[in-house]
Amino acid sequence: MATFYNQATLSYNGNTTTSNITTGELVEVLSAKKHAVLPDYVAGDAVTYIITIVNSGNVPFTNLTVNDNLGAYTDAGRTLTPLTYVDGSIKYYINGTLQAAPAVTKENGLTVTGISVPVNGNAAVVYQTAVNQFAPLESGSTITNTATISGPEVTNNLIATEQINAADMAMLTISKSVSPTTVSENGQLTYTFVIQNNGNTPATAADNVVVTDTFNPVLDPITVSFNGTIWTSPTNYTYNTTTGEFASVAGQITVPAATYTRDATTGSLVINPGVSVLTISGTV
């Protein structure tokens, strides 16, 4: 509800006089909310948003426009947009019934046109976005995007915002290489496992990271090191010299968190993974 004021002016023969001030209340019957299906995000995530518009009045609203800024923010004097609309993902419902897809444009965020809300009814606009290279990933980071609903019958534009948070977690990948690639009988073979963490928190002993492998041909004996420190069995790992089955002991492998920098030209976030290296050498 909003209060409005009005006053008239009367002019005659070069004279001017004013009326009393009238006061009224404008009841706004249209409301809007925005909701992210999941509250957290990581690099490359898909984030689904639902914008719900409710009409509690006895007159329908037509030809509404919904504009979402897709989380645009300013960094070093430039505007960066951390979310990208996923083409073709738009869904439009009136009172829960799916309608034909509305018109969508992608200039200055995401703009959806042609939305209607019936008397004592609701409309919902559902769409998917992708977390892109401009999204902040450091612990404590957020993306806050704002949807503005406007139209010829709307007195004051409706504003609906939603905040999602960068998930605090480790994100590990592993790659394996062998040297040399050609080895003779009774020769030496070395496997190198590179474990990378793209997440904003380290992988600690509490995460119980375990590397398992079965060497074929079997290596015997073996030497194991982790980040340059020699490991011993069974404190750090177990190994079956008959089957070639290797397993690190849970909690022995840790990986530091990634660090993040900005490209000075584009503003893109550059992920510098945390890295740990497990090396296993043995005789074929």
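A quick note: this is a predicted structure, and the numbers were derived from the prediction, not measured.

(A) Seen up close, the sheet that holds strand β20 (residues 222-226). Strands sit in the order β17-β18-β26-β20-β21 across an open sheet of five strands; the sheet is antiparallel. Unpaired on one side and paired on the other, β17 (172-179) and β21 (229-230) mark the two borders of the sheet. As judged from the eight bridges shared by β17 and strand β18 (residues 188-197), these two strands associate in the antiparallel manner. Bridging across to β18, Ile174 finds its partner in Ile195.

(B) Local environment of the sheet that holds strand β16 (residues 158-166). Sheet architecture is open: six strands sit in the order β4-β16-β15-β6-β13-β12, paired in mixed fashion. Of all strands in the sheet, those with a lone pairing partner are β4 (40-41) and β12 (103-105), marking the two edges. Note that strand β6 (residues 61-68) and strand β15 (residues 142-150) share four bridges and pair antiparallel. Note that in β15 the partner of Val66 across the bridge is Ile149.

(C) Fine view of the side chain of Glu162. Position of Glu162 among the secondary structure elements: in strand β16. Within the buried core, Glu162 has no salt-bridge partner, and the shortest N-O distance to an opposite charge, that of Lys34, equals 8.2 Å. Side-chain polar atoms of Glu162 contact the backbone nitrogen of Ala36, separated by 2.8 Å. The contact partners of Glu162, leaving out residues within four places of it in the chain, are Lys34, His35, Ala36, Tyr49, Ile143, Thr144 and Asn145.

(D) View of unusual backbone geometry. The residue after Ser179, namely Pro180, is reached through a cis peptide bond having omega -10°. Here the residue pair Ser233 and Pro234 is connected by a cis peptide bond, since its omega of 5° sits within 30 degrees of zero. Mapped onto the secondary structure, Pro234 falls in the loop between β21 and β22 (237-239). Positive phi values are uncommon outside glycine, yet Asn186 reaches one of about 65°. Counting through the fold element by element, Asn186 comes out in the loop between β17 and β18. The exposure class assigned to Asn186 is exposed, which follows from its relative accessible area of 61%. Not every positive phi belongs to a glycine, and Asn227 is a case in point at roughly 50°. On the basis of relative accessibility, which here comes to 43%, the residue Asn227 falls in the partly exposed class.

(E) Representation of the environment of Thr155 in the model. One can find Thr155 in the loop between β15 and β16. Distance from Thr155 to Leu10, taken between C-alpha atoms, is 28 Å for residues 145 residues apart in sequence.

(F) Highlighting the pattern of salt bridges. All chains considered together, the criterion is met by four salt bridges. Residues Arg78 and Asp75 are paired through a salt bridge, measuring 3.2 Å at the closest nitrogen-oxygen approach. Owing to a relative accessible area of 24%, Asp75 belongs among the partly exposed residues under this scheme.

(G) Summary view of the packing of aromatic side chains. One pass over the structure, following the stated rule, counts six aromatic pairs. On the basis of an interplanar angle of 45° and a centroid distance of 6.1 Å, the ring pair of Phe215 and Tyr239 is categorised as tilted. Placement of Phe215 in the loop between β19 (212-214) and β20 and of Tyr239 in strand β22 is noted, with a sequence separation of 24 residues between them. We note that Phe215, like Tyr239, is buried. Site record: aromatic cluster; members linked through ring pairs are Tyr191, Phe215, Tyr237, Tyr239 and Phe246. The ring of Tyr49 has Lys34 lying over it, and the distance from NZ or CZ to the ring centre is 4.6 Å.

(H) Expanded view of the nonpolar core. In terms of nonpolar packing, the biggest core is built from 38 residues, with Tyr41, Ile53, Leu64, Ile115, Tyr127 and Ile149 touching the most fellow members. Not counting chain neighbours up to four residues away, the residues in contact with Ile115 comprise Ile53, Phe61, Thr62, Asn63, Leu64, Val66, Tyr92, Pro102, Ala123 and Val125. By size, the runner-up hydrophobic cluster in this structure holds 20 residues, among which are Tyr191, Val211, Leu219 and Ile280.

(I) Spatial organisation of the pairing of β16. As defined by bridge partners, β4 adjoins β16 across two bridges and the pair is classed as parallel. Paired with Tyr41 across the strands is Ala166, a residue of β16.

(J) Main features of empty space enclosed by the protein. Within this structure, the stated rule accounts for one cavity of 30 Å³ or more. In terms of residue class, the lining of the largest cavity is built from 10 nonpolar, three polar and no charged.

(K) Just the pairing of β18, in detail. Residue alternation in β18 divides its side chains into a buried set, Leu189, Tyr191, Phe193, Ile195 and Asn197, and an unburied set, Gln188, Thr190, Thr192, Val194 and Gln196. Sheet topology note: the β18/strand β26 (residues 274-283) ladder contains 10 bridges and is antiparallel. For Thr190, the partnering residue across the bridge sits in β26 and is Ser281.

Rules behind the numbers
- Residues numbered from 1 in each chain as written.
- Predicted model: local features only at pLDDT ≥ 70, side-chain atom pairs only at ≥ 80, totals over all residues.
- Heavy atoms only, no water.
- Pairing = 2+ DSSP bridges.
- Helix = DSSP H or I, 4+ residues; strand = E, 2+ residues; numbered from the N terminus.
- Buried < 20%, exposed > 50% of the residue type's maximum accessible area, 1.4 Å probe, protein only.
- Lys, Arg positive; Asp, Glu negative; His and termini not counted.
- Salt bridge = Lys/Arg side-chain N within 4 Å of Asp/Glu carboxyl O.
- Polar contact = N/O pair within 3.5 Å; in protein donor to acceptor, adjacent residues only side chain to side chain.
- Contact = heavy atoms within 4.5 Å.
- Phe/Tyr/Trp six-rings, centres within 6.5 Å; stacked < 30°, edge-to-face > 60°.
- Lys NZ or Arg CZ within 6 Å of the ring centre and 35° of its normal.
- Core = buried A, V, L, I, M, F, W, Y, C linked by side-chain atoms within 4.5 Å.
- 1 Å grid on protein atoms, 1.4 Å probe; cavity = no way out; pocket = protein on both sides within 12 Å on 5 of 7 lines; lining within 4 Å.
- Points joined across faces, edges and corners; volume = space filled by probe spheres on them.
- Nonpolar A, V, L, I, M, F, W, Y, C, P; charged D, E, K, R; others polar.

Everything listed is a geometric property; what it means functionally is a separate question.
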